[in-house]
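Remarks on the overall topology
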Amino acid sequence: MAPASKADKKAAGDVAAWMFNVVTSVGIIIVNKALMANYGFFFATTLTGMHFATTTLMTIVLRWLGYIQASHLPLPDLLKFVLFANFSIVGMNISLMWNSVGFYQIAKLSMIPVSCLLEVAFDKIRYSRDTKLSIVVVLLGVAVCTVTDVSVNTKGFIAAFVAVWSTALQQYYVHYLQRKYSLSSFNLLGHTAPVQAASLLILGPLVDYWLTNKRIDHFAFNFPSLVFIILSCTIAVGTNLSQFICIGRFTAVSFQVIGHMKTILVLILGFLFFGKEGLNIQVVVGMIIAVFGMIWYGNASSKPGGKERRSHSIKHGSDSSQVDDKV
């Protein structure tokens, strides 16, 4: 049997990365829902700080084992990334509290066009007509699935605006930093996780008190709730790592588009675990449209001209330039 080609190996790695991200992302949503619904642990920002503290411990172990090598990430770039990431976390929590579920879902969907705008502006990416249309189909399908009542107020709109742009910038910056400084997913996480953990564990209890009017030091911790918190933190290690792996292998836009498969899986699992009221003909039709759009996007963006970077690199003493590098 002939050895697997480089393209086959890359395809297998891409599928494994997506599956890793989908499984851990859906798993942590289910665990966190159970933690909040069954035990009343509504301290989402502080819990995220715990997630990054656990991830920091993982990076320390990996560095000790030799999987993380010495690397450099300038402090201004590190602080900029952490600022975007923390605004994303806090902004999403506030947006969910201040907005209707429908407008919250619309805000999340708008991250795809915002991510496209960032790629066009900073990376000079060009999208083919089919690629653009496939993105529209994905957005339509997910909107049919998830958007119900839509109401918005001024402060809710501002929170959603901050959440969307900070999330898009954070995801773009993951790809940018990995390319610029030749950082692996492990190395980048080793730089960012400790700073995020420290900042969120300090600010998290204050933000959670502001959002819920509850203090985490008054929470009645017991063995079952601690088990779920530990499980959530353990899964979060995989979620954080898989996000960096996926964005490093692809781009923020591709991560967002195919990432909506997680929304579909959450709806299906919600139906299986929490009853039939979450599934109706509207949701089923939306799922079919979204999955069709994701398949179309994968096919359209992989074709020549589907999604390309235009770059002009003038060599010393020459007028030659390189144009239309496929991404």
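Summarised in this report is the structure supplied together with it. (Residues numbered from 1 in each chain as written. Predicted model: local features only at pLDDT ≥ 70, side-chain atom pairs only at ≥ 80, totals over all residues. Heavy atoms only, no water.)

Points about the side chain of Gln171
Topologically, Gln171 is positioned in helix α7 (residues 154-180). Leave out the neighbours within four places in its chain, and Gln171 touches Gln243, Ile247, Ala252, Phe255 and Gln256. (Helix = DSSP H or I, 4+ residues; strand = E, 2+ residues; numbered from the N terminus. Contact = heavy atoms within 4.5 Å.)

Some remarks on the packing of α7 against helix α9 (residues 223-249)
Contact geometry of α7 with α9 gives a least axis separation of 9 Å together with a crossing angle of 70°. Considering the angle they form, α7 stands roughly perpendicular to α9. Here α7 and α9 pass one another in a crossing that is right-handed. Between α7, through Gln170, Gln171, Val174, His175 and Gln178, and α9, the contact on the second element is made entirely by Gln243, Phe244, Ile247 and Gly248. In the contact of α7 with α9, the residues fall into three nonpolar, six polar and no charged. (Axes fitted to C-alpha atoms, helices over the stretch in contact; angles between N-to-C directions. Parallel < 35°, antiparallel > 145°, perpendicular 65-115°, else oblique. Left-handed = near helix turned anticlockwise from the far one by under 90°. Nonpolar A, V, L, I, M, F, W, Y, C, P; charged D, E, K, R; others polar.)

Things to note about the pattern of salt bridges
A side chain of one charge can pair with a side chain of the opposite charge when the charged atoms of the two come close. Overall, the coordinates contain three salt bridges when judged by the stated rule. With a closest N to O distance of 3.4 Å, Asp123 and Arg179 form a salt bridge. With Asp123 in helix α5 (residues 111-123) and Arg179 in helix α7, this residue pair connects regions lying 56 residues apart in the sequence. By relative accessible area, which is 9% here, Asp123 ends up buried. A salt bridge links Arg129 to Asp130; the nearest nitrogen and oxygen atoms lie 3.7 Å apart. Relative accessible area serves as the criterion here: at 29%, Asp130 is assigned to the partly exposed category. (Salt bridge = Lys/Arg side-chain N within 4 Å of Asp/Glu carboxyl O. Buried < 20%, exposed > 50% of the residue type's maximum accessible area, 1.4 Å probe, protein only.)

Read these as layout, nothing more, since geometry by itself doesn't imply function.
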